[in-house]
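Letter by letter, the chains look like this.
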Amino acid sequence: MKDYAVLIAVFLLLFGSIQLEVSGITPPSLGYVFGGVVIAAGFFAYRRHRSAYVRSMLGTVVGVQLLFQVVLPYWIFSQGTALNLTWPHYPDVLWATGYLALYYFVLSFVVVPLLVLLFGRRAWCSFACMLGALAETLGDRYRTRGTKARALPRGFVILKWVTLAGTAAVTVPALAGHIEEVGAFLWFYLIIFVFILRALLSLAVNIICMPRLGTRIWCRYFCPQGLVLGLLSRISRFALIRNVDLCKNCGVCNQHCSMALDISGGPAVNRSGDCFGCGVCVEVCPRNALSMTTDIATARKKAETLRV
Ligand code: SF4
Ligand code: SF4
């Protein structure tokens, strides 16, 4: 019960701060509240882990969030909007005005895809995305609950395609300048995107259901950004490597994966596209059989050698 009380309080704090920010009462409120949650939860997560990689990942998550949520937008540029937002997760960033629109276009269609191709999906989904940061810090103690979400029908993943199609459907007319002319269209956007997808699913359900369904429900079943980045990650330089000589298929790694991936039963060079590179499976493997790489060619050669 205590866990749920804390998570409901976090949700209410975040939701309330968004309302204050949207209404223009205290513009940096979301950045400050979110930053406070990530720092506090990141501290406890840091103490829970021993691996240098996981610890440095958690430190980076907190640093990147503060930089893009508060320091750059409010303290340096005084423009008042978080800078770690991208299409298709936040379609409205594309109809920002002035240089900000150009920034979000370049971030969404050039910088993030490039980073993912070079470093894998972790470049965005572990470090830069707000929901990813919440999952890695606040959700750290619920990583093992991810497997429980297997109870949800696998077919739910089709919902990611639905949200992506919906995003495309609102983006095209909006960029053509029609969204403000058609009131019904604007209502559709507010109800589906702002209320159902953002407030209800990506915030309320995603946070409050962590103890029951794990930390990445939104990422696994709904996020259109995750869908696109997952496809890119499959052809990226990043891979999770399992040394098949050392691995005894004990399944400890599987229990700790917040994406409920089948690591022990997967290929030696795993490029599933769903791995966030959190490094926790590598940390908990009792036989040190797992590692991560961004040198896919060498990793493949090593895997071939091990099979011989
Ligand atoms: S899948 Fe979506 S919500 Fe999850 S970390 Fe990636 S971009 Fe963020
Ligand atoms: S496979 Fe390992 S590194 Fe990837 S998301 Fe799962 S636990 Fe994290």
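Residues numbered from 1 in each chain as written. Chains lettered and ligands numbered in written order. Predicted model: local features only at pLDDT ≥ 70, side-chain atom pairs only at ≥ 80, totals over all residues.

Helices and strands together make up the secondary structure of the chain, namely 14 helices and three strands. Relative to the 2.2 N^0.38 estimate, which gives 19 Å for 308 residues, the radius of gyration of the chain is 20 Å and therefore close to what a compact globule would have. Over its C-alpha atoms, taken along the principal directions, the chain stretches across nearly 65 × 40 × 40 Å. The buried share among the 308 residues of the chain stands at 39%. Of the contacts formed within the chain by residues at least 6 apart in sequence, a portion of 71% connects residues at least 24 apart. (Helix = DSSP H or I, 4+ residues; strand = E, 2+ residues; numbered from the N terminus. Rg over C-alpha atoms; globule rule 2.2 N^0.38 Å. Buried ≥ 20, exposed ≤ 12 C-beta atoms within 10 Å, placed from the backbone. Contact = placed C-beta atoms within 7 Å.)

Attention shifts here to the pairing of strand β1 (residues 239–242). On β1, burial covers both faces: Ala239 and Ile241 on one face and Leu240 and Arg242 on the other are all buried. In this structure, β1 lies alongside strand β3 (residues 290–293), joined through four bridges in antiparallel fashion. In the sheet register, Ile241 faces β3, and the bridge partner there is Ser291. Sheet analysis places β1 next to strand β2 (residues 269–270), joined by two bridges and oriented antiparallel. Within β2, the position partnered with Ile241 by the bridge is Val269. (Pairing = 2+ DSSP bridges.)

Let's shift gears to the domain arrangement of the chain. Along its sequence, the chain is carved into domain 1 (2–231) and domain 2 (237–307). The distance between the C-alpha centroids of domain 1 and domain 2 comes to 26 Å. Residue-level contacts link 27 residues of domain 1 with 20 residues of domain 2. Secondary structure elements with two or more residues in the side of domain 1 that touches domain 2: α3 (52–76), α4 (99–119), α5 (122–125), α6 (130–137) and α11 (224–233). A per-element tally of the side of domain 1 that touches domain 2 places α3 first, with three residues. Residues belonging to the side of domain 1 that touches domain 2 are distributed by class as follows: nine nonpolar, eleven polar and seven charged. (Domains from an automatic or database assignment. Nonpolar A, V, L, I, M, F, W, Y, C, P; charged D, E, K, R; others polar.)

Let us now look at the site of ligand 2. The full set close to ligand 2 counts 13 residues, and Cys257, Cys275, Phe276, Cys278 and Cys281 are the nearest of them. Here the shell around ligand 2 is built from residues that sort into ten nonpolar, three polar and no charged. (Near = placed C-beta within 6 Å.)

The next point concerns the sheet that holds β3. With antiparallel pairing, the three strands of this open sheet are ordered in space as β2-β1-β3. Edge positions in the open sheet fall to β2 and β3, since each of these has one partner strand only.

Of the residues in the chain, 94% reach a pLDDT of 70 or more, and the chain-wide mean stands at 89. Averaged pLDDT values over the elements of the chain bottom out at 72 in helix α14 (residues 296–307) and peak at 97 in helix α13 (residues 280–284). (pLDDT = per-residue confidence, 0-100.)

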